Protein chains: 2
Amino acid sequence: MTQIDKVFKALADPSRRALIDRLHARNGQTLSELCQGLEMARQSVTQHLGLLEDANLISVKWKGREKLHYFNPVPIHEIYRRWIQKFEQPRLDALHDLKTKLEREKKQP
Amino acid sequence: MTQIDKVFKALADPSRRALIDRLHARNGQTLSELCQGLEMARQSVTQHLGLLEDANLISVKWKGREKLHYFNPVPIHEIYRRWIQKFEQPRLDALHDLKTKLEREKKQP
DNA sequence: TTGACATGCAGGCATTCACCTGCATATATT
DNA sequence: AATATATGCAGGTGAATGCCTGCATGTCAA
């Protein structure tokens, strides 16, 4: 399974996207913290975090008996850059045109 | 299942992403055309296309006995706008700064 | 009209997935 | 040292997924 496929698969589940959202809101949370408010067992959360970690979407640092989780935005940027961007090309072309226009007007006002 | 979830789930499979790629390269292909070169049965392709259609990622138009498939980029843009963009915010802020800078220099050269 | 072609529908099978329970291990606290 | 806290590991179950085969339906072309 390719890396980009792992990322897509990891993002396919709403619980996992919610976990990413939580870490994006406050980075470095422990497993217990991430479990709070969720209606599933700790083991399920662990499993989801395992997939996210495997997709490199989160990284982990042990501090004593606590496992701290950190969100890593790089794979999502890769998804955007290598996959989504190509379908957004028209929009990006328009933006580039705007930049070019502004630069031209700057030189010849 | 929410719409955005359908889209993520549809994108989670590499075969389906490949189908989108094919349609992006050449729009309006029939089922038979989309089957060519793939190593799975027609029925499997039909199933994948069904999911993509359900996620609104492709739309379909019948022409006689042929079913023409068209790629629809809107849901992918939604994914970008409503989900990915928030993790890309630093980069976008930088781009906005560039625009602002250019506009300022234009007014006061 | 008859045969070839494009697709749909129904069901079956193996794998993966999401979730759980039960028990084990390691670290902090008193 | 004894208890409480944070987490891991193993395994089990039901549902979803991906893929297939077999047959039916509708459309074009000779």
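This text follows the structure it describes.
Attention in this report is confined to the structure presented alongside it. (Residues numbered from 1 in each chain as written. Chains lettered and ligands numbered in written order. Predicted model: local features only at pLDDT ≥ 70, side-chain atom pairs only at ≥ 80, totals over all residues.)

1. A word on the overall build of chain A
Here is step 1 of the chain: Looking only at helices and strands, chain A features 6 helices and 3 strands.
Here is step 2 of the chain: Reading the secondary structure of chain A in the N-to-C direction produces α-α-β-α-α-β-β-α-α.
Here is step 3 of the chain: Within chain A, contacts between residues at least 6 apart in sequence are counted, and of these 54% link residues at least 24 apart. (Helix = DSSP H or I, 4+ residues; strand = E, 2+ residues; numbered from the N terminus. Contact = placed C-beta atoms within 7 Å.)

2. Description of the sheet that holds strand 1 (residues 29–30) of chain B
Residue and element names in this part refer to chain B.
Here is step 1 of the chain: The strand order 1-3-2 describes an open sheet built from 3 strands, whose pairing is antiparallel. Each having just a single partner strand, strand 1 and strand 2 (58–63) make up the two edges of the open sheet.
Here is step 2 of the chain: Pairing of strand 2 with strand 3 (residues 66–71), which is carried by 6 bridges, proceeds in the antiparallel orientation. Bridge pairing in strand 3 links Val 60 to His 69.
Here is step 3 of the chain: Most of the contacts of helix 2 (residues 14–25) go to strand 3, to which it runs at about 90°, and overall it touches strand 1, strand 2 and strand 3. (Pairing = 2+ DSSP bridges. Axes fitted to C-alpha atoms, helices over the stretch in contact; angles between N-to-C directions.)

3. Some points on the protein's contact with DNA strand D
Here is step 1 of the chain: The immediate surroundings of DNA strand D are formed by 19 residues, with Ser 32 of chain A together with Met 40, Ala 41, Gly 64 and Arg 65 of chain B found nearest.
Here is step 2 of the chain: Only helix 3 (31–35), helix 4 (42–54) and strand 3 (66–71) of chain A together with helix 4 (42–54) of chain B provide two or more residues apiece to the surface near DNA strand D.
Here is step 3 of the chain: Along the lines of polarity and charge, the residues of the surface near DNA strand D split into 3 nonpolar, 9 polar and 7 charged. (Near = placed C-beta within 6 Å. Nonpolar A, V, L, I, M, F, W, Y, C, P; charged D, E, K, R; others polar.)

4. Topic: the protein's contact with DNA strand C
Here is step 1 of the chain: Residues in contact with DNA strand C amount to 19 residues; listed here are only the nearest, Met 40, Ala 41 and Gly 64 of chain A together with Thr 30 and Ser 32 of chain B.
Here is step 2 of the chain: Sorting the residues of the surface near DNA strand C by element identifies helix 4 of chain A together with helix 3 (31–35), helix 4 and strand 3 of chain B as the ones contributing at least two each.
Here is step 3 of the chain: Classifying every residue of the surface near DNA strand C by side-chain character gives 3 nonpolar, 9 polar and 7 charged.

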